[in-house]
Amino acid sequence: MTAAAAGLINCHSCGLLHKVAEAHVCCHRCGTSLHLRKPDSLPRTWAYLLAAYVLYIPANVLPIMTTTNLGSIQSNTILSGVNYLLVTGSWLLALIIFIASVFVPALKLVILTYLAISVQVRSSWRPRERAWLYRLAEIMGRWSMVDIYVVTLMVALVKIQGLADIDAGSGAVAFGAVVVLTMLAAMSFDPRLIWDNAEKNNE
């Protein structure tokens, strides 16, 4: 039995339980507006996901870093940087950058898209596993900015030493936007919709 079926609703911010009759009012503890489910959860999730898909391509195609040294200019995308690290023998660092900057964002997009589709078609298939996938997508979000951190540190260190001039490229902006959009998509998606569909189909 779900909390909604038991006549209860919890605050999205502090978790305090209220009676369903008190829905659409404010939480007694923190003042947050109460809703049985996140308002417009699916439309907002789809909007963030579609924007993230659009920006995922320039994030991997456009240069994420531009280096100017003795008059020569070199631009690197995420994948060209991974390839350079492989060629120079830094395969472990290359693997970390590839997983954090290419594989994880793509996997998070796929997971959230699958969850949104499954709720859209009112699927009741394996709700426990789908809830676990949602938690996995949330956990992955915090590891998606490794490449941006690397670029930021390199820019700071190289400029301090005066060895060259390194600037973040437009790919870094697109990549940062993809990470933020996927985080917003995960926050907008209401995993309780998974259990709502499962309970309706079991009635």
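Enquirer: Explain the overall build of the protein to me, using residue names and the numbers behind them.
Expert: Looking only at helices and strands, one finds seven helices and five strands in the protein. For the protein, the α and β elements follow one another from N to C terminus as β-β-α-β-β-α-α-α-α-β-α-α. Across the 203 residues of the protein, 36% fall into the buried class. Partitioning the intrachain contacts of the protein with sequence separation of at least 6 by distance along the chain shows that 62% fall at a separation of at least 24.

Enquirer: How would you sum up helix α2 (residues 78–87)? Please name residues and give values.
Expert: Three or more residues of α2 are buried, namely Ile78, Gly81, Val82 and Leu85. Projected down its long axis, α2 shows its buried positions confined to an angular sector of 100°, all on one face. Exposed and facing more than 90 degrees away from the buried side of α2 are Tyr84 and Val87. Looking one or two residues beyond α2, the residue adopting positive phi is glycine 89, at roughly 95°.

Enquirer: I'd like to hear about the nonpolar core, residue by residue, with values.
Expert: Residues Leu42, Leu49, Ile78, Leu112, Leu115, Val119 and Phe189 are the most contacted members of the largest nonpolar core, which totals 34 residues. Listed by contribution, the elements that provide at least two residues to this core are α1 (41–61), α2, α3 (91–120), α4 (127–141), α6 (170–188) and α7 (192–202). Of the residues forming this core, the biggest block, 10 residues, is contributed by α3. Setting aside residues up to four positions removed in sequence, phenylalanine 189 forms contacts with Lys38, Ser41, Leu42, Thr45, Leu115, Ala116, Val119, Tyr134 and Ile194.

Enquirer: Describe the packing of aromatic side chains, naming the residues involved and giving the relevant values.
Expert: Taken as a whole and assessed by the stated rule, the structure comprises one aromatic pair. A ring pair is formed by tyrosine 134 and phenylalanine 189, whose centres lie 5.6 Å apart and whose planes are at 45°; its orientation type is tilted. With tyrosine 134 in helix α4 and phenylalanine 189 in the loop between α6 and α7, this pair connects stretches of sequence that are 55 residues apart. Like tyrosine 134, the residue phenylalanine 189 is buried in the burial classification.

Enquirer: Now, about the packing of α1 against α3: what can you tell me, with residues and values included?
Expert: Each pair of packed helices gets described by two things: the angle between the helix axes and the distance between those axes. It is the contact of α1 with α3, at a shortest axis distance of 11 Å, that shows an interaxial angle of 155°. Here α3 runs roughly antiparallel to α1, going by the angle between their axes. Like other packed secondary-structure pairs, α1 and α3 cross with a definite hand, here left-handed. Here α1 contributes Leu42, Trp46, Leu49, Ala52, Tyr53, Tyr56 and Asn60 to the contact with α3, which in turn contributes Ser101, Val102, Pro105, Ala106, Leu109, Val110, Leu112, Thr113, Ala116, Ile117, Val119 and Gln120. Residue composition of the contact of α1 with α3, grouped by class: 15 nonpolar, four polar and no charged.

Enquirer: So what about the environment of alanine 116? Which residues, and what values?
Expert: One can find alanine 116 in helix α3. Alanine 116 gets classed as buried once you look at its relative accessible area, which sits at 0%. Ignoring anything within four residues of it in the chain, the contact list for alanine 116 reads Leu42, Trp46, Leu49 and Phe189.

Enquirer: Explain the pattern of salt bridges residue by residue, including any values.
Expert: Inspection of the entire model under this criterion finds three salt bridges. In this structure, aspartate 196 and arginine 37 form a salt bridge, with 2.8 Å as the shortest nitrogen-oxygen distance. Placement of the pair is aspartate 196 in helix α7 and arginine 37 in the loop between β2 (17–19) and α1, with a sequence separation of 159 residues. A salt bridge links arginine 126 to glutamate 129; the shortest N-O distance between them is 3.5 Å.

Enquirer: Outline the packing of α2 against α3, supporting the account with residue identities and numerical values.
Expert: The geometry of α2 relative to α3 is characterised by a closest axis approach of 8 Å and an angle of 160° between their N-to-C directions. As judged from the angle between their axes, α2 and α3 are roughly antiparallel. Viewed along their axes, α2 and α3 form a crossing whose handedness is left-handed. Counted together, Ile78, Leu79, Val82, Leu85 and Leu86 of α2 and Trp91, Leu93, Ala94, Ile97, Phe98, Ser101 and Val102 of α3 form the full contact between these two elements. The residue inventory of the contact of α2 with α3, partitioned by class, reads 11 nonpolar, one polar and no charged.

The rules behind these values
Residues numbered from 1 in each chain as written. Predicted model: local features only at pLDDT ≥ 70, side-chain atom pairs only at ≥ 80, totals over all residues. Heavy atoms only, no water. Helix = DSSP H or I, 4+ residues; strand = E, 2+ residues; numbered from the N terminus. Buried < 20%, exposed > 50% of the residue type's maximum accessible area, 1.4 Å probe, protein only. Contact = heavy atoms within 4.5 Å. Arc of directions from axis to C-beta. Core = buried A, V, L, I, M, F, W, Y, C linked by side-chain atoms within 4.5 Å. Phe/Tyr/Trp six-rings, centres within 6.5 Å; stacked < 30°, edge-to-face > 60°. Axes fitted to C-alpha atoms, helices over the stretch in contact; angles between N-to-C directions. Parallel < 35°, antiparallel > 145°, perpendicular 65-115°, else oblique. Left-handed = near helix turned anticlockwise from the far one by under 90°. Nonpolar A, V, L, I, M, F, W, Y, C, P; charged D, E, K, R; others polar. Salt bridge = Lys/Arg side-chain N within 4 Å of Asp/Glu carboxyl O.

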